[in-house]
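Secondary and tertiary structure notes
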Amino acid sequence: MALLRRHHDDPAGQRFQMREKLASIGDDSWIEDDQGERRYKVDGKALRVRETFILEDRDGHEVARIREKKLRVRDTMEVERDGRTLATIHKALVGIRDRFAIEVEGGEELKAHGNIVDHEYEIKRGGDVVATVSKKWFRVRDTYGIEISSGEDEALLLALTVALGEMSDR
């Protein structure tokens, strides 16, 4: 039951599907692969001062924690793993379309641009696309897909997609 449609059949990496309103605080949602298998769970932690989401693998092991940073001039969220900050996402202060800069600890900065609110955007490192997010691949309403390039940290990129969705809903 492959729900993601592609123009060509060459393997470009892993594909996932998410719901438009993935998780609100206190809710749990699943991220499925393109075969409909549950791969990751997003746990929205209730009763927190700042917004927090936990990304777990299918066995319940935490693979990333996504947290809002309070008291910032612009919207900021962090993605952590094992108590270490992996990435910090900053929303651009100006512009008609949503743009985000993503500082990756010990790595090259990523940029997300496109229509984040409508889930039609790319995440790039330098000039290379590392992830593509699109609703066009689905017939199911309120669902969008994430295609992650081979060799990339899929848990990190899925966590970034959760954070970007949350930040664009504000």
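The notes below deal with the structure included here. (Residues numbered from 1 in each chain as written. Predicted model: local features only at pLDDT ≥ 70, side-chain atom pairs only at ≥ 80, totals over all residues. Heavy atoms only, no water.)

Bringing the overall build of the protein into the picture now. The number of helices and strands found in the protein is one helix and twelve strands. Along its sequence from the N terminus, the protein presents helices and strands in the succession β-β-β-β-β-β-β-β-β-β-β-β-α. When the 170 residues of the protein are sorted by exposure, 46% land in the buried category. Contacts spanning at least 24 positions in sequence make up 34% of the contacts within the protein whose residues lie at least 6 apart. (Helix = DSSP H or I, 4+ residues; strand = E, 2+ residues; numbered from the N terminus. Buried < 20%, exposed > 50% of the residue type's maximum accessible area, 1.4 Å probe, protein only. Contact = heavy atoms within 4.5 Å.)

Within the closed barrel, the twelve strands sit side by side as 1-2-3-4-5-6-7-8-9-10-11-12. Their pairing is antiparallel. Neighbour-to-neighbour, the strand axes of the sheet open up by a mean angle of 20°, direction not taken into account. This element, helix 1 (residues 154-168), spans strand 1 (13-19), strand 2 (28-33), strand 3 (38-44), strand 4 (52-57), strand 5 (62-68), strand 6 (76-81), strand 7 (84-91), strand 8 (99-104), strand 9 (110-115), strand 10 (120-125), strand 11 (128-134) and strand 12 (143-149) of the sheet and lies at about 155° to strand 6. (Pairing = 2+ DSSP bridges. Axes fitted to C-alpha atoms, helices over the stretch in contact; angles between N-to-C directions.)

Overall, the coordinates contain eleven salt bridges when judged by the stated rule. For Lys-111, the salt bridge is made with Glu-109, and the minimal N-O distance between the two is 2.8 Å. Exposure remark for Lys-111: the relative accessible area of 44% places this residue in the partly exposed category. With its nearest N and O atoms 3.8 Å apart, the salt bridge here joins Lys-124 to Glu-122. Lys-124 gets classed as partly exposed once you look at its relative accessible area, which sits at 22%. Given a relative accessible area of 27%, Glu-122 falls into the partly exposed group. Sharing partners across several salt bridges, the network here consists of Asp-33, Arg-39 and Glu-154. (Salt bridge = Lys/Arg side-chain N within 4 Å of Asp/Glu carboxyl O.)

For the structure on display, the rule yields one aromatic pair. A ring pair is formed by Phe-16 and Tyr-40, whose centres lie 6.0 Å apart and whose planes are at 65°; its orientation type is edge-to-face. Residue Phe-16 is located in strand 1, and its partner Tyr-40 is located in strand 3; the two are separated by 24 residues in the primary sequence. Note on accessibility: Phe-16 and Tyr-40 belong to one class, buried. (Phe/Tyr/Trp six-rings, centres within 6.5 Å; stacked < 30°, edge-to-face > 60°.)

Next up on the list: the pairing of strand 3. Where burial is concerned, most of strand 3 is hidden: six out of the seven residues are buried. With five bridges joining them, strand 2 and strand 3 adopt antiparallel strand pairing. Across the sheet, residue Trp-30 finds its bridge partner in strand 3, namely Lys-41. Connecting strand 2 to the next strand, strand 3, in antiparallel fashion are four residues, including Gly-36 with a positive phi near 85°. Here five bridges tie strand 3 to strand 4, and the two strands are oriented antiparallel to one another.

A few words now on the side chain of His-90. Mapped onto the elements, His-90 comes out in strand 7. On the basis of relative accessible area, His-90 is assigned to the buried category, the value being 9%. In this structure the side chain of His-90 is engaged in a polar contact, spanning 3.1 Å, whose partner is the side chain of Glu-103. (Polar contact = N/O pair within 3.5 Å; in protein donor to acceptor, adjacent residues only side chain to side chain.)

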